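For reference, the chains in residue letters:
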Amino acid sequence: MTSSIARRVYEACHLAGSFRLRSGQVSSDYFDKYLFEGQPGLLREVAEAMVGLLPAECDVLAGMEMGGIPIATVMSQLTGLPTVFVRKQAKAYGTAKTAEGGPVDGRRVVLVEDVVSTGGALLESCRHLRAAGAEVDWAVCAIDREQGGRENLAAESIRLRSALTRHDLESAVRT
């Protein structure tokens, strides 16, 4: 991604303060992905960059609830690949599935996430998808906070590719 896009993403979604992350860690900065995902042009540019990160072996995109869903949807439009939407928890009613939108059994599924810190949400979703018969070896994200997510995913045989890293974002606003 160009530093121009990194700067625009940073300016759109970086917040300073005290924020508790999903991992339980407290951070003085936060990347509120909904602030860039709500801008159609910027969302599309990020999704286009993420399409370039997809492995050749991809049958289905899996958008993580909630921030990964808009990105996966745009990526699906750009690639023609089907998309499933992965809940944090299965509903107690209706189909009671974790992954909604189509079959994953026997398919090569790529996880799509907005921001990755430690990778905990992706690991949990991967377990559900693998239990449903999906082959999950890859994840792509818009922003890697570089807080151990890549390494934690690798320990479960999932490779992570990111459009932007925390370093990319911070470097773009320093120049």
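Draft legend 1. Layout of the overall build of the chain. Each helix and strand in the chain was counted, giving 7 helices and 8 strands. Compactness check: the chain gives a C-alpha radius of gyration of 15 Å against a globular reference of 16 Å for 175 residues, within 12% of the reference. Overall size of the chain, expressed as C-alpha extent along the three principal axes, is 45 × 35 × 30 Å. Evaluated residue by residue, the chain yields a buried proportion of 46% over its 175 residues. Accessible surface, the chain as shown: approximately 8300 Å² in total, 49% of it carbon and sulfur. Here the chain holds 20 positive side-chain charges and 22 negative ones, and the gap between their average locations is 2 Å.

Draft legend 2. Quick look at the sheet that holds strand E8 (residues 159–165). As summarised here, the arrangement of the 6 strands in space is E5-E4-E3-E6-E7-E8, forming an open sheet in which the pairing is mixed. Pairing within the sheet leaves two strands with one partner each, and these edge strands are strand E5 (99–100) and E8. Alignment of strand E3 (residues 60–64) against strand E6 (residues 108–116), held across 4 bridges, turns out to be parallel. In the sheet register, Ala62 faces E6, and the bridge partner there is Leu111. The strands that helix H4 (residues 68–79) touches are E3, strand E4 (83–86), E6 and strand E7 (135–144); relative to E3, the one it contacts most, it runs at about 160°.

Draft legend 3. Inspection of helix H3 (residues 40–51) at higher detail. Counted at 1.5 Å a residue, the expected span for H3 with its 12 residues is 16 Å, and the 16 Å between its end C-alpha atoms agrees. Along H3, the positions that sit buried rather than exposed are Leu42, Leu43, Val46, Ala47 and Met50. Buried residues of H3, viewed axially, fall in a sector of 135°; they line one side. Against helix H1 (3–13), helix H2 (33–37), H4, E6, E7 and E8 lie the buried residues of H3.

Draft legend 4. Here's a closer look at the side chain of Arg145. Checked against the element boundaries, Arg145 lands in the loop between E7 and helix H6 (149–154). The buried category is assigned to Arg145, whose relative accessible area is 2%. Side chain to side chain, Arg145 and Gln147 meet in a polar contact 2.8 Å long.

Draft legend 5. View of the pattern of salt bridges. This model, assessed by the stated rule, comprises 9 salt bridges. Across the pair Arg108 and Asp59 runs a salt bridge whose closest N-O atoms are separated by 2.9 Å. Here Asp59 lies in the loop between H3 and E3 and Arg108 lies in strand E6, a separation of 49 residues in the sequence. A relative accessible area of 34% places Arg108 in the partly exposed class. With its nearest N and O atoms 3.5 Å apart, the salt bridge here joins Arg87 to Glu100. Of the two residues, Arg87 is situated in the loop between E4 and E5 and Glu100 in strand E5; the sequence distance between them amounts to 13 residues. Here Arg87 falls in the partly exposed class, since its relative accessible area comes to 26%. A cluster of three or more residues bridged by salt bridges with shared partners is formed by Asp29, Arg145, Arg166 and Glu170.

Draft legend 6. Representation of the nonpolar core. In terms of nonpolar packing, the biggest core is built from 33 residues, with Val9, Phe36, Met50, Met75 and Ile143 touching the most fellow members. Secondary-structure elements contributing two or more residues to this core are H1, H3, H4, E6, E7, E8 and helix H7 (166–174). The dominant element in this core, judged by the number of residues it contributes, is H1, at 6 residues. The contacts of Met50, once residues within four sequence positions are left out, are Ile71, Met75, Val112, Glu113, Val140, Cys141, Ala142 and Ala163.

Conventions we followed
Residues numbered from 1 in each chain as written. Predicted model: local features only at pLDDT ≥ 70, side-chain atom pairs only at ≥ 80, totals over all residues. Heavy atoms only, no water. Helix = DSSP H or I, 4+ residues; strand = E, 2+ residues; numbered from the N terminus. Rg over C-alpha atoms; globule rule 2.2 N^0.38 Å. Buried < 20%, exposed > 50% of the residue type's maximum accessible area, 1.4 Å probe, protein only. Areas by Shrake-Rupley, 256 points an atom, 1.4 Å probe, with all protein chains shown as cover. Lys, Arg positive; Asp, Glu negative; His and termini not counted. Charge placed at Lys NZ, Arg CZ, Asp CG, Glu CD. Pairing = 2+ DSSP bridges. Contact = heavy atoms within 4.5 Å. Axes fitted to C-alpha atoms, helices over the stretch in contact; angles between N-to-C directions. Expected span 1.5 Å × (residues − 1). Arc of directions from axis to C-beta. Polar contact = N/O pair within 3.5 Å; in protein donor to acceptor, adjacent residues only side chain to side chain. Salt bridge = Lys/Arg side-chain N within 4 Å of Asp/Glu carboxyl O. Core = buried A, V, L, I, M, F, W, Y, C linked by side-chain atoms within 4.5 Å.

These figures come from the coordinates and say nothing about function on their own.
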